[in-house]
Amino acid sequence: MPVRTTDDDHVPSVLCVHAHPDDEALFTGGVLARTARRGGRTGVVTCTWSEGSGRVEELRRSLDILGAGEPRLLGYTDNAFDDGVKFCSAPFDEAVGKVVGHIRDFRPDVVVTYDAFGSYGHPDHVHAHRVTIAAVEAASHHQLYPNAGTPWAPSHLCFATFPRSEVENRWGTLFGGTAPQPGPGIPGVDDELVTVTVDVREFFETKWAAFTAHESELARGGGASQFVAMNDLDRRDTLGTEWFIHRQLRGDATDPFAPR
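In this text the structure is predicted, and so the values were computed from the model without any measurement.

Rules used in this analysis
- Residues numbered from 1 in each chain as written.
- Predicted model: local features only at pLDDT ≥ 70, side-chain atom pairs only at ≥ 80, totals over all residues.
- Heavy atoms only, no water.
- pLDDT = per-residue confidence, 0-100.
- Contact = heavy atoms within 4.5 Å.
- Core = buried A, V, L, I, M, F, W, Y, C linked by side-chain atoms within 4.5 Å.
- Buried < 20%, exposed > 50% of the residue type's maximum accessible area, 1.4 Å probe, protein only.
- Salt bridge = Lys/Arg side-chain N within 4 Å of Asp/Glu carboxyl O.
- Helix = DSSP H or I, 4+ residues; strand = E, 2+ residues; numbered from the N terminus.
- Axes fitted to C-alpha atoms, helices over the stretch in contact; angles between N-to-C directions.
- Parallel < 35°, antiparallel > 145°, perpendicular 65-115°, else oblique.
- Left-handed = near helix turned anticlockwise from the far one by under 90°.
- Nonpolar A, V, L, I, M, F, W, Y, C, P; charged D, E, K, R; others polar.
- Expected span 1.5 Å × (residues − 1).

Participant: Explain the confidence of the model for the chain to me, please; I cannot follow it from the model alone.
Facilitator: Reading predicted coordinates in detail is not appropriate for stretches of low pLDDT. This prediction gives the chain a mean pLDDT of 91; 91% of its residues lie at or above 70. Within the model, pLDDT remains below 50 along residues 1–8, and this stretch shows 25 contacts once partners closer than five positions in the same chain are excluded.

Participant: What exactly am I supposed to notice about the nonpolar core here?
Facilitator: The nonpolar side chains of a soluble globular protein tend to be buried, and buried together. Within the largest apolar cluster, 63 residues are counted, with the highest numbers of intra-cluster contacts made by Phe87, Ile103, Val112, Phe211, Phe227, Phe244 and Phe257. Beyond its immediate sequence surroundings of up to four residues, Ile103 is in contact with Leu15, Pro108, Ala135, Val136, Ala139, Trp152 and Pro154.

Participant: Where do I start with the pattern of salt bridges in this structure?
Facilitator: Once their charged atoms are close, side chains differing in charge can pair, the charge on each being opposite to the other. Tallied over the full model, the rule gives 16 salt bridges. Of the charged contacts in the structure, one is a salt bridge between Arg60 and Glu51, with a shortest N-O distance of 3.1 Å. Classification of Glu51 by relative accessible area gives partly exposed; the value is 49%. Measuring nitrogen to oxygen at the nearest pair gives 2.7 Å for the salt bridge that ties Asp232 to Arg236.

Participant: Is there a simple way to think about the environment of Gly52 in this case?
Facilitator: Tracing the backbone shows Gly52 in the loop between β2 (42–48) and α2 (54–66). Taking relative accessible area as the criterion, Gly52 reaches 70% and is therefore assigned exposed. For the pair Gly52 and Phe87, spaced 35 residues apart in sequence, the C-alpha separation works out to 18 Å.

Participant: Any chance you could explain the packing of helix α1 (residues 23–37) against helix α6 (residues 204–212) here in plain terms?
Facilitator: Packed helix pairs are specified by the crossing angle of their axes together with the interaxial distance, meaning the distance between the axes. The contact between α1 and α6 brings their axes to 9 Å, and the two run at 140°. Looking at the two axes, α1 sits oblique to α6. Here α1 and α6 pass one another in a crossing that is right-handed. Counting all contacts with α1, which are made through Ala25, Leu26, Gly29, Gly30 and Ala33, the residues of α6 involved are Thr206, Lys207, Ala210 and Phe211. For the contact of α1 with α6, a count of residues per class yields five nonpolar, three polar and one charged.

Participant: Explain helix α3 (residues 92–106) here, please?
Facilitator: Structural remark: α-helix, 3.6 residues per turn; residues separated by three or four positions point the same way. Across its 15 residues, α3 extends 21 Å between first and last C-alpha, which sits within 8% of the 21 Å expected from 1.5 Å per residue. Listed as buried for α3 are Ala95, Val96, Gly97, Val99, Val100, His102, Ile103, Arg104 and Phe106. Structurally, α3 contributes buried residues whose contacts are with β1 (14–18), β2, β3 (72–76) and α4 (123–138). Count one or two residues on from α3 and you reach Arg107, which has phi positive near 55°.

Structure follows, in structure tokens:
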């Protein structure tokens, strides 16, 4: 777990909303670890899996490594499984209300989720994007979800994404020399839409340790297990930057993760 330090400047608090265990490490592990190291509060809402499962215990270890507290679980079912209520099939208003409750409880400066394509098109990720946008909008309204806590308005909303040029440049590294050329359905947005780029190479070991805490997912070859097969230099290069589309919700335009 990162050692927290104190700083006279305010370090923005960060709450991430992710679809599955392991996404917190892959997409935002560096930002979470860096914020925790600087003394900022961090938390993660995970939309799928329930307390008592092995995946949640792995998530708990990952969050401990990142310094991001205990799991905050919506308890829905991953799209790839059939037991319980699938996240994408749950009543939209219900899911939004649950996320509103976490936003009001945590009271973050910054909320982070995926871009509109879910970063790479996974239906649970796309749905997390939609639910999170609605929850961020609703969380500040006294009239909405009155039983979900005291209203709170985050200052920033950030969408984890990839610049299109980076995806195209790394396509062979990610998927091997025999992979087809990237087409319109691949991850990434036009480069100019990416407004926040965070160098997290200093926190690579922490990010990688958190990711590999998800042993069962890697063992079944799911998620982003292709990173395990990479050589160390390619892995560090690929995972050493995190990109975001930034929406300023309150105040003057600033770097959402910078102390101030």
